[in-house]
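Each chain, written out:
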Amino acid sequence: MKYDQSRIRNFCIIAHIDHGKSTLADRILEKTGVMQLRDMTDQVLDSMELERERGITIKSKAVRMPYRAKDGVEYELNLIDTPGHVDFTYEVSRALAACEGAVLVVDASQGIEAQTLANVYMALDHDLEIRPVINKIDLPSAQPEVVRQEIEDEIGIDCEGCPLVSAKQGVGIEDVLEDIVNNIPAPQDDIDAPLQALIFDSYYDNYRGAISSVRVKAGSVKVGDRIRMMAGKCEFDVTEVGAYLPLGYSPRESLNAGEVGYIAASIKDIADIHVGDTITLAANPAAEPLPGYKPVLPMVYCGIYPADGADYESLRDALEKLRLNDAALSYEPETSVALGYGFRCGFLGLLHMEIIQQRLEREFDLDLVTTAPSVVYKVIKTDGETVMIDNPTNLPPVQEIDWMEEPMVDAQVITPQDYVGAIMELCQDKRGTFRDMKYIEGGRVLLKYDLPLNEVIYDFFDQLKSRTRGYASFDYELKGYERSDLVKLDMLLNGEQCDALSIIVHRDRAYPRGRSIAEKLKEAIPRQLFEIPIQAAIGGKVIARETVKALRKDVLAKCYGGDISRKKKLLEKQKEGKKRMRQVGSVSVPSEAFMAVLKMD
Amino acid sequence: MKPLSLYIHIPFCARKCAYCDFASWPGREADWGRYFDEIEAEIRLWSEETDFGLLSEQYSIATVFIGGGTPTLVDAACLEGVLDACRGIAPFEPDAEITVEGNPGTLTPEKLAVCRRAGVNRLSLGAQSFDDGLLKALGRIHTAAQIKQAVAMARDAGFDNLNLDLMYALPGQEMAQWRDTLDAAVALGVDHISAYSLIVEPGTPMAARVASGAATVPDDDAVNAMQREAISRLSAAGYERYEISNYAKPGFECRHNLTYWRRGDYLGLGCAAHSLLRGRRFHNPDALEDYLSGMRRLDEVALTRQDAMEETLMLSTRTARGLDLAAWARDFGAPFNQGRERALARLEAGGLIEAGDGFLRLTTRGMEVQDAVVLELMGETV
């Protein structure tokens, strides 16, 4: 097809979870014929097992589809799928920046929900043309007319003639495609200007190296061009450019203004590709990069250790492989007295951390011990030096600390009015400072708080979900550091400090946290030959104490008829069990105990 | 000549007890004849040259234990036949200890007389309890009165070495009932008492009862208290605890069982019987059909030095004598304490072990948690 911007449509699909985003994407792929029915697995774009299982998209993806519309013209549709979680807000914003329009999917029986609104606001921020689609009209409880009215009233988008579809049954898909072609604007980018290609995703391909997914905003790029990463400040020679098909690559001679596709340039390290960065040509660079670039910094750190020390190398290899595809993941070796050799890993947020842990366990079959997540604290020492601390163990001695600062976030909660009280209470509990409250469409309220990040990563999401029955949506952005009365809470087992269990916590929180962790440890540590005192302490002062009582009875009564196999088997099992435990001084601590610090009442 | 112990398994009983998961089947009288034919064939095999050479040239038989099941259920002449056949394996030592296990409900003076004639000099009776209610709940076929009759019958037949098996930690068992049982056993003046804590084995009717909540086993503290009660009552009556579950008047320790704990050579004959012969372990199949079809010597392994060390540790520490430190150093080429200094110090300070006169032994408290102590002593080096 000849290059013609007026025939290009770049769009994404946004929806509240479970409103049918992935199914609609599948149907669109099917309808445009890029996927044959026989190639279809459910949710084609969510290719990772985890993505399908959790129903969330972790990586952005783009697919190009040819579509001959009713006006007889063949269009080029680029669907850019976006991640759906607050940890990946920045990635989402870059993907949206690559589009001109968004298809807003709303469930015909559920109507507008919290995420629907959050997504709409984000799309509006990027000046996207929003095209509502009412899905699941096949459900007996579907009320398309009511939902249509709701969209008009609450979001203020004209819903006249919006497609009514059942993605599940394949009804109305063509209407969606026609609506996209007719109402989402074509890109109007300047092909003659110097190249500006927005990177909205990156990943690693074994044959092509690290690849950038891009939207060309100006100019064009072709094989052989020398490109420059404007923020990354490095240069590469382009080896391949092209468009994505659902199951592979479609190489082209060039990628031009308005188009979406990929650029491969034999890039070995994915760290050289920054999402949000602008690619330009070394020979004829753009004067300015595209707006909106932010370096991605890990917000949350935790220690990841192999449950079996012998798996250290395998863990390193696995992290290296995941890192190939995930520039936001960082890791470096660390050692713990209790846990041995492992890695300090940095993540965008808790979900990102959880995803990485699960991928390590599933895709690489590793048993892990994970320490409590920590944010990065700023420590100003008495000698004037400032150090950043992402591991409580590395905190300087109290007498060397002048003061400490903790990272704060701008938090934004959108909630139905009924839950405002509950959320304010929660934010207060979490040491939040109230900033603003606004009534928005549909009886909803926008609450703004300043919150310490270390409270957010603790159990904020779970609490928010349970206190609002899942109706509130939450978004945050790092704001900066604030001075705070922080202390290091240590846990002592049988009098010996266990480094992997230390956390940094606000002084007001130390007592309840210490008591709760001690209780959790008491449950997690099995009885042993001797009584084990568990103590929580701040700077040597014990603030909570629990005791694991000594084992009462552990003996096989009878070795019958010279058959010692049972006894041997039992002992083997116990030996195996002990091997899976960590020795903290004389105490055997099971792996789960290290997660006890995380768990809530 | 080295001492050899023989174990002969009789997998038949009148009724399966509620807690039993041993190889034993009620009924099956039709198989009894074939079974004894097979055992005698197996004995003949061991009487001839095998891959272990000719046993009769290396060993003398020090102990024989005919266990079950209920050996006293079958015709005593069959047991006599088996014992006679065993003389072909190796010569019996003049003072060989020959035990037959029996159920008090199956004894007759005639059977006992045949056993005596065949050379049996020790009788081990499965008494379990002197409480008729508990006996019934366990599915035993006898009453407390029958135990007393059986002991009298055995004494009359000339048995001067008698053991009673007792069980505690039974569902619903009160300390008072356990005391009465201990006292009753002592009053009968038996020479040896085995007191086993009930193990609820998966797949047994007992396990189903416990799982459904119909039966509740006493908690660990109650079980320990019962064991301590046994220790104090029995020692007051002159029975010394020489192994975790075994008590004997001086000179009446069961030499056969000591063979297991000291890792002496033993040969198991019959269904489900286990053997340790010249550093190799093997066993016969558990299923009667498999045994009758000729399957033998399963899972045979030559024990490594590591295996031998672990076995020595876990078996010897069951006994009051304890682990022989000099023998350890000689057999394994390194002092036991080496690499275990810290664990030993902790265990000793905690009152779980004591060392002296060349042996390492568990204290009363240590024996309550023997598995955990052994695990601790295995350490990283073993």
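Rules of the game
- Residues numbered from 1 in each chain as written.
- Chains lettered and ligands numbered in written order.
- Predicted model: local features only at pLDDT ≥ 70, side-chain atom pairs only at ≥ 80, totals over all residues.
- Heavy atoms only, no water.
- Helix = DSSP H or I, 4+ residues; strand = E, 2+ residues; numbered from the N terminus.
- Rg over C-alpha atoms; globule rule 2.2 N^0.38 Å.
- Buried < 20%, exposed > 50% of the residue type's maximum accessible area, 1.4 Å probe, protein only.
- Contact = heavy atoms within 4.5 Å.
- Lys, Arg positive; Asp, Glu negative; His and termini not counted.
- Charge placed at Lys NZ, Arg CZ, Asp CG, Glu CD.
- Pairing = 2+ DSSP bridges.
- Expected span 1.5 Å × (residues − 1).
- Bend = angle between axes of the 7 residues up to and from the residue.
- Buried area = accessible area lost by both parts, 1.4 Å probe.
- Salt bridge = Lys/Arg side-chain N within 4 Å of Asp/Glu carboxyl O.
- Polar contact = N/O pair within 3.5 Å; in protein donor to acceptor, adjacent residues only side chain to side chain.
- Nonpolar A, V, L, I, M, F, W, Y, C, P; charged D, E, K, R; others polar.
- Axes fitted to C-alpha atoms, helices over the stretch in contact; angles between N-to-C directions.
- Phe/Tyr/Trp six-rings, centres within 6.5 Å; stacked < 30°, edge-to-face > 60°.
- Lys NZ or Arg CZ within 6 Å of the ring centre and 35° of its normal.
- Domains from an automatic or database assignment.
- Left-handed = near helix turned anticlockwise from the far one by under 90°.

Asks: Tell me about the overall build of chain A, residues and numbers included.
Replies: Along chain A, the regular secondary structure elements total 12 helices and 32 strands. Here the C-alpha atoms of chain A give a radius of gyration of 27 Å, agreeing with the 25 Å that 2.2 N^0.38 yields for 601 residues. The dimensions of chain A, computed from C-alpha atoms along their principal axes, are 85 × 70 × 55 Å. With 601 residues in all, chain A has 57% of them scored as buried. In chain A, the proportion of contacts linking residues at least 24 apart, taken out of those at least 6 apart, comes to 69%. Of the side-chain charges in chain A, 73 are positive and 97 negative, and the distance between the mean point of each set is 7 Å.

Asks: Explain the sheet that holds strand E17 (residues 359–362) of chain B to me, and be specific about the residues and the numbers.
Replies: The strands making up a sheet are joined through hydrogen bonds of the backbone, oriented either antiparallel or parallel. All names here are of chain B. The antiparallel open sheet is built from three strands, whose spatial order is E15-E17-E16. Unpaired on one side and paired on the other, strand E15 (323–324) and strand E16 (353–356) mark the two borders of the sheet. Both E15 and E17 contribute to a ladder of two bridges, which runs antiparallel. Each residue of the ladder has a partner; that of Leu-323, found in E17, is Leu-360.

Asks: Pulling in residues and values, what's your account of helix H11 (residues 507–524) of chain A?
Replies: Structural remark: α-helix, 3.6 residues per turn; residues separated by three or four positions point the same way. Residue and element names in this part refer to chain A. Taking 1.5 Å per residue, 18 residues should reach 26 Å; H11 reaches 25 Å between its end C-alpha atoms and fits that length. Where H11 bends most, at Arg-513, the angle is about 25°. When we look at burial in H11, the residues that qualify are Ala-510, Arg-513, Gly-514, Ser-516, Ile-517, Ala-518, Lys-520 and Leu-521. Where H11 is buried, its residues contact helix H10 (453–467), strand E26 (486–493), strand E28 (503–506), strand E29 (532–538) and strand E30 (541–548).

Asks: I'd like a rundown of the interface of chain A and chain B, residues and numbers included.
Replies: Opposite the 28 residues of chain A that make contact, chain B presents 43 residues. Summing both sides of the interface, chain A and chain B together bury roughly 3,400 Å²; the carbon and sulfur share of this comes to 57%. Between chain A and chain B we count seven salt bridges in total. A salt bridge links Glu-310 of chain B to Lys-575 of chain A; its shortest N-O distance comes to 2.5 Å. Summed over the shared surface of chain A and chain B, the number is 16 residue pairs in polar contact (both at pLDDT 80 or more). For the side of chain A that touches chain B, the class distribution of residues is 12 nonpolar, five polar and 11 charged.

Asks: Residue-level account of unusual backbone geometry, with values.
Replies: Across the junction of Gly-68 of chain B and Gly-69 of chain B, the peptide omega takes the value 15°, indicating a cis bond. Take Gly-69 of chain B: it is sitting in the loop between strand E4 (59–68) and helix H3 (76–86). One non-glycine residue, Arg-431 of chain A, lies in the positive phi region at around 65°. Summarising the element assignment, Arg-431 of chain A is placed in the loop between helix H9 (420–429) and strand E23 (433–440). For Arg-431 of chain A, a relative accessible area of 17% corresponds to the buried category.

Asks: Explain the sheet that holds strand E12 (residues 248–252) of chain A to me, and be specific about the residues and the numbers.
Replies: Residue and element names in this part refer to chain A. Read from one edge of the open sheet, eight strands run E10-E9-E15-E6-E7-E14-E11-E12, paired in antiparallel fashion. Each edge of the open sheet carries a strand with a single partner, namely strand E10 (235–237) and E12. Here the strands of the sheet are splayed against their neighbours by 40° on average, with no regard to which way each runs. Bridge count between strand E9 (residues 226–229) and strand E15 (residues 278–281): three bridges; the pairing is antiparallel.

Asks: Mind laying out the packing of aromatic side chains, listing which residues take part and the relevant values?
Replies: All names here are of chain B. Under the defined criterion, the tally for this structure stands at 24 aromatic pairs over all chains. A ring pair is formed by Tyr-7 and Phe-65, whose centres lie 6.2 Å apart and whose planes are at 25°; its orientation type is stacked. One end of the pair, Tyr-7, is in strand E1 (residues 2–10); the other, Phe-65, is in strand E4, and 58 residues separate them in sequence. Joined through ring pairs, the aromatic side chains of Phe-12, Trp-32, Tyr-35, Phe-36 and Tyr-291 make up one cluster. Against the face of Tyr-291 rests Arg-296, its NZ or CZ located 3.9 Å from the ring centre. When the ring centre of Phe-336 is taken as reference, the NZ or CZ atom of Arg-340 above it lies at 4.3 Å.

Asks: Summarise the pairing of strand E12 (residues 274–277) of chain B; cite the residues concerned and give the values.
Replies: All names here are of chain B. Covered by surrounding structure in E12 are His-274 and Leu-276 together with Ser-275 and Leu-277, the residues of both alternating faces. For E12 and strand E13 (residues 280–283), the ladder comprises four bridges, and the chain directions are antiparallel. Across the sheet, the residue bridging to Ser-275 is Phe-282, located in E13. Here E12 hands over to E13 after two residues, with Arg-278 in that stretch at a positive phi of 45°.

Asks: Run through the domain arrangement of chain B, naming residues and quoting values.
Replies: Residues and elements named next belong to chain B. Domain assignment breaks chain B into domain 1 (2–260) and domain 2 (306–382). Carbon and sulfur atoms make up 51% of the area that domain 1 and domain 2 hide from each other, which totals about 870 Å². Between the two partners, domain 1 and domain 2, sit two salt bridges. The tally of links from domain 1 across to domain 2 stands at four residue pairs in polar contact (both at pLDDT 80 or more). Among the secondary structure elements, those contributing two or more residues to the side of domain 1 that touches domain 2 are helix H9 (220–236) and strand E9 (240–243). The greatest single-element share of the side of domain 1 that touches domain 2, amounting to four residues, is contributed by H9. Across the side of domain 1 that touches domain 2, the residue classes tally to four nonpolar, three polar and three charged.

Asks: Just give me the short version of the pattern of salt bridges, but keep the residues and values in it.
Replies: All names here are of chain A. Evaluation of the coordinates by the stated rule reveals 68 salt bridges over all chains. We note a salt bridge from Arg-344 to Asp-390, for which the minimum N-O separation is 3.7 Å. A residue pair is termed long-range when its members are at least 10 positions apart, and Arg-344 in strand E18 (residues 340–347) and Asp-390 in the loop between strand E21 (386–389) and strand E22 (401–416) qualify at 46 residues. Salt-bridge contacts for Lys-381 lead to Glu-385; the nearest nitrogen and oxygen are separated by 3.4 Å. Under the relative-accessibility criterion, Glu-385 is labelled partly exposed at 39%. One salt-bridge network, in which partners are shared between bridges, spans Glu-406, Lys-430, Arg-431, Glu-455 and Arg-509.

Asks: So, the packing of helix H12 (residues 305–316) of chain B against helix H16 (residues 370–378) of chain B: which residues are in play, and what are the values?
Replies: Residue and element names in this part refer to chain B. Contact geometry for H12 and H16: axes closest at 10 Å, N-to-C directions at 145°. Once H12 is placed against H16, the crossing between them reads as right-handed. For the pair H12 and H16, the contacting residues are Glu-310, Leu-313 and Met-314 in the first and Gln-370, Val-374, Leu-377 and Met-378 in the second. For the contact of H12 with H16, a count of residues per class yields five nonpolar, one polar and one charged.

Asks: Describe the pairing of strand E11 (residues 266–269) of chain B, with residues and values.
Replies: Residue and element names in this part refer to chain B. Residues Tyr-266 and Gly-268 point to one face of E11 and Leu-267 and Leu-269 to the other, with burial holding for every one of them. Of the strand pairs in this sheet, E1 and E11 are connected by four bridges, and their pairing is parallel. Residue pairing in the sheet places Ile-8 in a bridge with Leu-269 of E11.

Asks: Outline the environment of Gly-161 of chain A, supporting the account with residue identities and numerical values.
Replies: Residues and elements named next belong to chain A. As for its placement among the helices and strands, Gly-161 is situated in the loop between helix H5 (144–154) and helix H6 (173–183). According to the relative accessible area criterion, Gly-161 is exposed, its value standing at 57%. In this structure, the C-alpha to C-alpha distance between Gly-161 and Ser-202, residues 41 residues apart in sequence, is 37 Å.

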